[in-house]
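A look at the structure
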Amino acid sequence: MYFNCLEKIIRKSTSKDEGGEWGIEHLPQEYYQLIQRALDVYRSSDIVNEEQRRTGGKEWDKTNLLAFRNYARMQFKDILL
């Protein structure tokens, strides 16, 4: 099921917003808060300066970001092999 859902997302042109919503619904619960926070920053109308642009002016937990990155890499590695 995961592969079928991921394949549908990859094949159709989705927005960052749609991808985030899909992630909240289909990815492990442990990543929900991280994805929701990213969506909140993406959807925000807050003005940020150039220095804050990469982070949306927020502090991010590097450990959580790396865990999510590693999870995604493993999922794609399994699909591509």
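Just above sits the structure.
Presented here is an overview of the structure given in this document. (Residues numbered from 1 in each chain as written. Predicted model: local features only at pLDDT ≥ 70, side-chain atom pairs only at ≥ 80, totals over all residues. Heavy atoms only, no water.)

**Re the overall build of the protein**
Within the protein one finds four helices and zero strands. Per-residue burial for the protein yields a buried fraction of 19% across its 81 residues. Restricting to contacts in the protein with at least 6 residues of sequence separation, those with at least 24 account for 44%. Roughly 6700 Å² of accessible area belongs to the protein as shown, and the carbon and sulfur atoms make up 51% of that amount. (Helix = DSSP H or I, 4+ residues; strand = E, 2+ residues; numbered from the N terminus. Buried < 20%, exposed > 50% of the residue type's maximum accessible area, 1.4 Å probe, protein only. Contact = heavy atoms within 4.5 Å. Areas by Shrake-Rupley, 256 points an atom, 1.4 Å probe, with all protein chains shown as cover.)

**Points about the pattern of salt bridges**
Taken as a whole, this structure holds three salt bridges when the rule is applied. Ionic pairing is found between glutamate 21 and arginine 43, a salt bridge with its closest N-O pair at 2.5 Å. Of this pair, glutamate 21 sits in helix H2 (residues 16-26) while arginine 43 sits in helix H3 (residues 32-43), and the two are 22 residues apart along the sequence. For glutamate 21, a relative accessible area of 30% corresponds to the partly exposed category. Of the residues examined, arginine 43 reaches a relative accessible area of 42% and is grouped as partly exposed. A salt bridge links arginine 53 to glutamate 50; its shortest N-O distance comes to 3.9 Å. (Salt bridge = Lys/Arg side-chain N within 4 Å of Asp/Glu carboxyl O.)

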